[in-house]
Amino acid sequence: MRTEERQVKAERPSTEDLIARLAAEPRPTPGPARALAWAPPSVLLLTGLPLLAVLGVRADLAAALIDPVTTMKWVLPLAVTGLSMALAWRLARPEARAGARPLLYVPVLLLAAGLVASAFASLPVSAWGAAMRGSTRLFCFTSIFGMSLGPLAATLWALNRGATTVPNLTGFLAGIGSGGLAAALYALYCNEDAAPFFVVWYGLAILAAGGLGALLGPRALRW
Amino acid sequence: MHALDEQWAGLLRAANAGDRQAYAAFLRAIAPPLRGLVLARGRALGPEACEDIVQETLLAIHLKRATWREDAPVRPWLWAIARHKVADGFRARGARVHLPIEDFADLLAAAPAPDPFEASDARRIVGRLDARSATVLTAVAIEGAGIAETGRRLSMTEGAVRVALHRAMKRLGALRDAD
């Protein structure tokens, strides 16, 4: 008798009502994939291009794009962006975990370290500091960080359509992905081509954007 | 368990394609195990709060159903959402609950799912009985202790428990009719 009663009452009326109401709702809104593909680059262009227009594109852009070391000013940040956005997109699924995928950054980091090492190898130790400091570090850092804010907001907005269960990490990836986009845009203006300079300052600005993303993640990616 | 995954995947696929009946069937199928999970972990919160958490979780599953990829198994996805929302729900209610992931791996035997309001309603009515009947009835019917266990607790013979229970039920019926 009692078990029968239990079975009859297994679905409490209001949960049953909730189910009926949910089932009557229209088709689900799509996941983050599409939004993630268009929103961050659009916002980057929208907010970064005016700044670039003010600063001006470097005059020797064509030559810079052929130089193997200088090209890395685009290759490295965009590699970070590609890896980070792909991983963040993956982590937007609730059951996803990063696992060993962060190892994919190792080649990028090795390449960056190799560039710095080879630049240092051709300089006396006393000149290393100056090569790293360059002459526009503060402006460089601030500009990249600043230009990353718009794309970061767009990325978090897009990822919010997903359901990450690791919001700090996903936020961090959104941050460095956006920072990479911003750095690649800034590189169109910046003509400091010494690897120690751009690896350090682009890198720091990208990491700062990542830190901000990690801070914002739990709030922005709540669901 | 594979069969269950297949079945749920089929329902959810149909649901995401717009089949409302399949969607309702999916939600109905997952609600009992979900409830079992929440009740097993959150007894201290009381049955109403647990049912609230069940509903919050169902709502989250509903809102995030597009994050399930049709080629992925349903259960890891489902339990990841459940784990997240259940932890959230417990946290919001100030309960410290440890949720080891293994609990979610295989959980699917639908735990008994008593009506949460049944218990509180019953407690209220039981409160109007005499002390002896109330004690016996609470032990047997609400806490789910067996006849023998109740007898041990109250140092009564099983026969005496049965008799007391029978009388309590009669009085309860009378009270209910009087309402």
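Residues numbered from 1 in each chain as written. Chains lettered and ligands numbered in written order. Predicted model: local features only at pLDDT ≥ 70, side-chain atom pairs only at ≥ 80, totals over all residues. Heavy atoms only, no water.

## Some words on the environment of G213(A)
- Along the chain, G213(A) falls in helix α10 (residues 195–220).
- Apart from residues no more than four positions distant in its own chain, G213(A) is found in contact with L152(A), G171(A), F172(A) and G175(A). (Helix = DSSP H or I, 4+ residues; strand = E, 2+ residues; numbered from the N terminus. Contact = heavy atoms within 4.5 Å.)

## Things to note about the confidence of the model for chain A
- Mean pLDDT for chain A: 91, with 94% of residues reaching 70 or above.
- Counting contacts from residues 1–12 of chain A, a segment whose pLDDT is below 50, to residues more than four positions away or on other chains yields 22 contacts. (pLDDT = per-residue confidence, 0-100.)

## Section: the packing of helix α8 (residues 137–159) of chain A against α10(A)
All names here are of chain A.
- Between α8 and α10, the shortest axis-to-axis distance is 9 Å and the interhelical angle comes to 35°. As α8 packs across α10, the resulting crossing turns out to be right-handed. Across from R137, C140, F141, I144, F145, S148, L149, L152 and L156 in α8, the residues of α10 making contact are F197, W201, Y202, L204, A205, A208, A209, L212, G213, L216 and A220.
- Of the residues in the contact of α8 with α10, the class split is 17 nonpolar, two polar and one charged. (Axes fitted to C-alpha atoms, helices over the stretch in contact; angles between N-to-C directions. Left-handed = near helix turned anticlockwise from the far one by under 90°. Nonpolar A, V, L, I, M, F, W, Y, C, P; charged D, E, K, R; others polar.)

## Quick look at the interface of chain B and chain A
- Facing 38 residues of chain B, the contacting portion of chain A comprises 36 residues.
- Among the salt bridges present, the one from R28(B) reaches E16(A), with a minimum N-O distance of 2.7 Å.
- Counting only elements with at least two residues in the side of chain B that touches chain A, the list comes to α2 (20–42), α3 (47–63), α4 (74–92) and α6 (116–126) of chain B. (Salt bridge = Lys/Arg side-chain N within 4 Å of Asp/Glu carboxyl O.)

## Re the packing of helix α1 (residues 2–16) of chain B against α4(B)
Residues and elements named next belong to chain B.
- Look at α1 against α4: their axes get within 9 Å of each other, and the N-to-C directions meet at 75°. As far as their axial angle goes, α4 and α1 are roughly perpendicular. Of the residues in α4, those in contact with L4, D5, W8, A9 and L12 of α1 are V74, R75, W77, L78 and W79.
- Split by residue class, the contact of α1 with α4 holds eight nonpolar, no polar and two charged. (Parallel < 35°, antiparallel > 145°, perpendicular 65-115°, else oblique.)

## A few points about helix α3 (residues 33–55) of chain A
Residues and elements named next belong to chain A.
- Taking 1.5 Å of rise per residue, 23 residues should cover 33 Å, and α3 covers 33 Å from first to last C-alpha, within 8% of that figure.
- Along α3, the sharpest change in direction is near 35° and occurs at G48; proline P50 comes one to four residues later.
- Looking only at α3, the buried set comprises A35, L36, A39, P40, L44, G48 and L52.
- Looking at the buried side of α3, the elements it contacts are α5 (68–91), α8 and α9 (167–186).
- Among the residues trailing α3, G56 stands out with phi positive, at a value near 90°. (Expected span 1.5 Å × (residues − 1). Bend = angle between axes of the 7 residues up to and from the residue. Buried < 20%, exposed > 50% of the residue type's maximum accessible area, 1.4 Å probe, protein only.)

## A short note on the nonpolar core
- In this structure, L76(A), I144(A), F198(A) and Y202(A) are the most contacted members of the largest nonpolar core, which totals 50 residues.
- Residue assignment for this core shows that the elements contributing at least two residues are α3, α4 (61–66), α5, α6 (105–121), α8, α9 and α10 of chain A.
- Per-element tally for this core: the top contributor is α9(A), with nine residues.
- In this structure I144(A) touches G179(A), A182(A), A183(A), Y186(A), Y202(A) and A205(A), once residues within four positions along its chain are discounted.
- Among the nonpolar cores identified, the runner-up in size contains 38 residues, and W223(A), A24(B), L58(B) and V86(B) belong to it. (Core = buried A, V, L, I, M, F, W, Y, C linked by side-chain atoms within 4.5 Å.)

## Notes on the packing of aromatic side chains
Residue and element names in this part refer to chain A.
- For the structure shown, the criterion picks out 10 aromatic pairs over all chains.
- An angle of 65° between the planes, with centres 5.9 Å apart, marks the rings of W38 and W157 as edge-to-face. With W38 in helix α3 and W157 in helix α8, this residue pair connects regions lying 119 residues apart in the sequence.
- Taken together, a centroid distance of 6.3 Å and an interplanar angle of 55° make the contact between F139 and Y186 tilted. In this pair, F139 is assigned in helix α8 and Y186 in helix α9, connecting sequence segments 47 residues apart.
- In this structure F139 comes out as partly exposed when scored by relative accessible area, which is 36%.
- The buried category is assigned to Y186, whose relative accessible area is 1%. (Phe/Tyr/Trp six-rings, centres within 6.5 Å; stacked < 30°, edge-to-face > 60°.)

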